Amino acid sequence: MSVKSEAIRTIRGGQRFLSDMPFPRLQETRVLTSAVHKGRFEVTALPRKSVGCRAFFAADIPGLNTMTRGRGELPLLAPGIVRYRGEPLAVICAENAAALDAYCGAVRIEYAAQLPVLDLQAASDLVPGESLSHNEGQIAWGRSKLTTVAGEYEAGFQEFRFSEPQSAVALREKNLLTVYCSTRNPFHVRNNISLVLGLPEERICLIVPDSVEDPGDKETLPAIVASLAALIAFTTGRPARVTLDNTIKRMPVLVRLESGIGPDGVLAGTRAELDFDSGCCGLHSPNLFRRAVYTLPGPYRHNGLTVRGRAVLTDTMPYTRLLSGGAAEACFAIETHMTRLARAAGLDPFSFRKANVARPAGTQGAADRPTTAERVIDEATRLSDFKRKYAAFEALRQSSQLTQPPAGAERSRGAGKPLVREPSRHNIPRVPSAAETQGRPFDGVHPERSRGAQGRQGARTGVESAFDLMMPARGIGSALAFYGFDFIEENEDRERHAVTLTLEKDGCLRILTSAMETSQALRRLFTVIAARTLEIDPEDIVIESTDTARVPDSGPMYETHALTSIGKLIEQGCRSLKTKRGKTRKAVSVTKADASPAAHRTRLRPVYHPNDEAGLSWSATVVEVEIDPAAFLVCVTGIWSAIECGNILNRGIAVAQAEREIIRALDAAEESASGHGHKFRVRRRMPRITVSFVEIPYAHGPLGAKGIGELPGLGVAPAYAAAVSQALGHGVDFFPVSPLRLEGLVEET
């Protein structure tokens, strides 16, 4: 398993964060936040102005009290009305920590709290403009011999803590305001500071220091801390650092799906309804909502499709981008639904998906070339030996069932009510784990059976106990996923993103781009693209640090967008430099602006269309689990992923990125995140992860490549839920999955 160098430095305490860096004459600051979810507040006691101490409220903001490009949906400081718990009410600065504590201790705030709406299903107010109704084809529900399958799928609230404190430092130097802030979109944050202070953007310089990569949005919270620090520094004339101990939050999503399948296993039609929690305002939800709706039908031929989507308002913090937000929840719903449909059709899940994959126009007939989805499915099936394992686990599931033991049956280890497994009538052996077989093919004989081990017997019933270590419940699940850099929020306002390249006299190449925050992988990939195009040594390439006063606006730094779009601009710029260098030996420069073809604009469609296939990246994921039914503890014994993302520029980077996203998604599926933030679990061993790439050159990508981004993690949650469902014999239609919820599911069923 690949480990990033910055991760090692962080664990050993050697990684420097912005909150640790020394600055001269730095003021102490503190942000006062709301203690209630909803209501009004009033400052009833405020100390007199003392030397070096000052409090800033909404009325003290010289420009617009707003976030996100002046849309006015979320105030920087609450103007007397609280919309979510933890909303900033004021920021206070002081000469030293003692003075700050004394000043904050004297501030008194009284609330007139109101009853908040915190539940998605209890919400009634809709986000303006965020509802959608899409229809295509006719759903033949009245057709004879049609099997109908309906399900309700839930992606619950999750919260992850950032790996580093979210800080910003602002310094005022004559007519220039310099702000240090860790963000994925420096020009967006600079624009927000400009609006808050009423300053021209040219007087604000935003510098992005090296930081740790986090699995979510680094725009909203960085914009808040940077704007507050800039407000203090601009007003007082002294440097200020603002830090907020905050988190990234995944929005709750509820999806209802109903599909009909014919006797041939072909989809006859699907109805889909999506309820999407936006929080207290539609801060980022328009993009996340469109992404969810686009992904919801999956890459399948439904023959008749109806999609209804709506985003609702609750009294919670606006939800932001976390682990491919929107796409991950929709992918979980449709892929879990497809697994249920496959069971109803009597097919293994991958075979059912292949039979229903939508084909691009002009590729009719079975003799045509396989689609990209079919190719990654075939590769994942081969890697994991999916069909054989699925059939064996399914036979085991059908030949036995988990039941509550009769009174007096022996209780074994683990919490909760123990379960027993009825003996098999057909003497179907258990399929051993990979560790037990040590890579040898399974010959139908369990290694322990030869020694006469029959498992633990019940004291009165004589049946074998399912929670014996010899007999874990086992299952295997699969999922198909796609991801594209431009059907999500990266190009929200269609700005022309740019990159500048300079080839010096000595042959050294300098790349200036703002798409560099945190990602060492992008630096290496951009270096590979430039070195191969210019045919120079990678050691002669320098990528400048992100400083808005020096680099052009390259748009937000999301890896899928940055590699596919900015990487292509670097390739085009290097080709131009190569032509210019043939005419002169002087230093030459070129600036390339975003000119992405219409083929990239896949998110302009309301839902997936098969003609979008080439512009998207694809993955097929398989997860295998063993479950202790006594404690409902799930052990992942293997994960296999087949990925198509164009040409692979650097296999080591690609494998490391895929493994990183798979582990992140597995943590989310296993509920290692909670209302208390991310829990860094200690695993006795990491699951075996096998990654394979299906390379299909992409004409519009740099050197034929497409971005991987968060794609490898999309299929983990639905494949994990499918594996757990097969092992327990009970449908798991929610994530994150916890032992407590699994126990409740089995008892309820």
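Going by the structure above, here's the rest.
Model, not experiment: these values are computed from the prediction.

Take the overall build of the chain next. Of regular secondary structure, the chain possesses 16 helices and 30 strands. The long-range fraction of contacts in the chain, counting pairs at least 24 apart against all pairs at least 6 apart in sequence, stands at 80%. On the chain, roughly 29900 Å² of surface is accessible, and the fraction owed to carbon and sulfur atoms is 50%.

With that out of the way, let us pick up the state of the cysteines. Applying the stated rule across the entire model yields 0 disulfides. A disulfide-free cysteine, C104 has its sulfur positioned 8.5 Å from the sulfur of C53, the nearest such atom. The closest cysteine sulfur to the non-disulfide-bonded C280 is located on C281, 4.2 Å from its own sulfur. Here C280 falls in the buried class, since its relative accessible area comes to 8%.

The side chains of a regular strand alternate between the sheet's two faces. Most of strand β26 (residues 633-644) sits out of view: 9 of its 12 residues are buried. As judged from the 11 bridges shared by strand β25 (residues 617-628) and β26, these two strands associate in the antiparallel manner. Opposite V622, over in β26, you have W640 as the bridge partner.

Attention shifts here to the sheet that holds strand β3 (residues 54-56). Judged by pairing direction, the sheet is antiparallel, and its 3 strands sit side by side in the order β1-β5-β3 without closing on themselves. Sheet topology places β1 (28-33) and β3 at the edges, where each strand pairs with a single neighbour. Strand-to-strand twist in this sheet, taken as the mean axis angle between neighbours without regard to direction, amounts to 20°. In this structure, β3 lies alongside strand β5 (residues 88-94), joined through 3 bridges in antiparallel fashion. Bridging from a neighbouring strand, F56 pairs with V91 of β5.

Evaluated as defined, the whole model comprises 10 aromatic pairs. Ring geometry for Y294 and F482: centres 6.1 Å apart, planes at 85°, overall edge-to-face. Of this pair, Y294 sits in helix α5 (residues 285-295) while F482 sits in strand β20 (residues 473-483), and the two are 188 residues apart along the sequence. Residue Y294 is classed as buried on the basis of its relative accessible area of 0%. Centre to centre, the rings of F332 and F735 are 4.8 Å apart; their planes meet at 55°, and the pair counts as tilted.

In this section: the nonpolar core. Counting 98 residues, the largest nonpolar core has F276, V625 and Y720 as the members making the most contacts within it. Ignoring sequence-local partners within four residues, the contact set of Y720 consists of V623, V625, V634, V636, L666, A669, E670 and V737. Membership of the second largest hydrophobic core comes to 43 residues, among which are A58, Y84, A168 and V225.

Considering all chains together, one arrives at 29 salt bridges under this definition. Among the salt bridges present, the one from E152 reaches R256, with a minimum N-O distance of 3.3 Å. In this pair, E152 sits in strand β8 (residues 147-155) while R256 sits in strand β15 (residues 253-261), placing the two residues 104 residues apart along the sequence. Under the relative-accessibility criterion, E152 is labelled partly exposed at 39%. Across the pair E379 and R382 runs a salt bridge whose closest N-O atoms are separated by 2.6 Å. Here E379 and its partner R382 are both found in helix α8 (residues 372-384), 3 residues apart, which amounts to about one turn of the helix.

Residues D506, D537, E539 and D540 make up a contiguous surface patch of negative charge. Topologically, D537 is positioned in the loop between α11 (520-534) and β23 (541-543). When its relative accessible area of 40% is taken as the criterion, D537 is described as partly exposed.

Taken together, 4 strands build an open sheet; the order of strands is β20-β25-β26-β29 and the sheet is mixed. Unpaired on one side and paired on the other, β20 and β29 (689-693) mark the two borders of the sheet. Adjacent strand axes in the sheet meet at a mean angle of 15°, parallel and antiparallel pairs treated alike. Alignment of β20 against β25, held across 11 bridges, turns out to be antiparallel. If you follow G477 over to β25, its bridge partner there is V623.

Looking now at helix α2 (residues 97-106). Of all the residues in α2, the buried ones are L100, Y103 and C104. Within α2, the buried residues cover an arc of 95° as seen down the axis, which keeps them to one side. In this structure, α2 carries A98 and A102 as exposed residues pointing more than 90 degrees from its buried face. On the buried face of α2, the contacting elements are β1, β3 and β5. Where α2 begins, one side-chain oxygen reaches toward the backbone nitrogen of A98, 3.2 Å away; that side chain belongs to N96.

Time to look at unusual backbone geometry. Of note, the amide linkage connecting F735 to P736 takes the cis form, showing an omega dihedral of 5°. Even without glycine at this site, R25 takes up a positive phi of about 60°. Of note in the backbone geometry, L703 takes a positive phi value of approximately 55° without being a glycine. Inspection of the secondary structure assignment puts L703 in the loop between β29 and α14 (711-714). When its relative accessible area of 23% is taken as the criterion, L703 is described as partly exposed.

So, on to the environment of R359. Mapped onto the fold, R359 is located in the loop between α7 (349-356) and α8. Residues R359 and P370, spaced 11 residues apart in sequence, show a C-alpha to C-alpha distance of 8.8 Å. Of the polar contacts made by the side chain of R359, one reaches the backbone oxygen of R369; its length is 2.6 Å. A polar atom in the side chain of R359 sits 3.2 Å from the side chain of E374.

Moving on to helix α13 (residues 651-669). The periodicity of an α-helix, 3.6 residues per turn, causes residues three or four positions apart to be oriented the same way. The first and last C-alpha atoms of α13 sit 27 Å apart over 19 residues, in line with the 27 Å expected at 1.5 Å per residue. Most of α13 is tucked away: 15 of the 19 residues are buried. With a side-chain oxygen lying 3.1 Å from the backbone nitrogen of G652, the N-terminal cap of α13 falls on N650.

Conventions used here
- Residues numbered from 1 in each chain as written.
- Predicted model: local features only at pLDDT ≥ 70, side-chain atom pairs only at ≥ 80, totals over all residues.
- Heavy atoms only, no water.
- Helix = DSSP H or I, 4+ residues; strand = E, 2+ residues; numbered from the N terminus.
- Contact = heavy atoms within 4.5 Å.
- Areas by Shrake-Rupley, 256 points an atom, 1.4 Å probe, with all protein chains shown as cover.
- Disulfide = S-S within 2.5 Å.
- Buried < 20%, exposed > 50% of the residue type's maximum accessible area, 1.4 Å probe, protein only.
- Pairing = 2+ DSSP bridges.
- Axes fitted to C-alpha atoms, helices over the stretch in contact; angles between N-to-C directions.
- Phe/Tyr/Trp six-rings, centres within 6.5 Å; stacked < 30°, edge-to-face > 60°.
- Core = buried A, V, L, I, M, F, W, Y, C linked by side-chain atoms within 4.5 Å.
- Salt bridge = Lys/Arg side-chain N within 4 Å of Asp/Glu carboxyl O.
- Patch = residues over 30% accessible without salt bridge, like charges linked within 9 Å, V, L, I, M, F, W, Y side chains within 5 Å.
- Lys, Arg positive; Asp, Glu negative; His and termini not counted.
- Charge placed at Lys NZ, Arg CZ, Asp CG, Glu CD.
- Arc of directions from axis to C-beta.
- Polar contact = N/O pair within 3.5 Å; in protein donor to acceptor, adjacent residues only side chain to side chain.
- Expected span 1.5 Å × (residues − 1).

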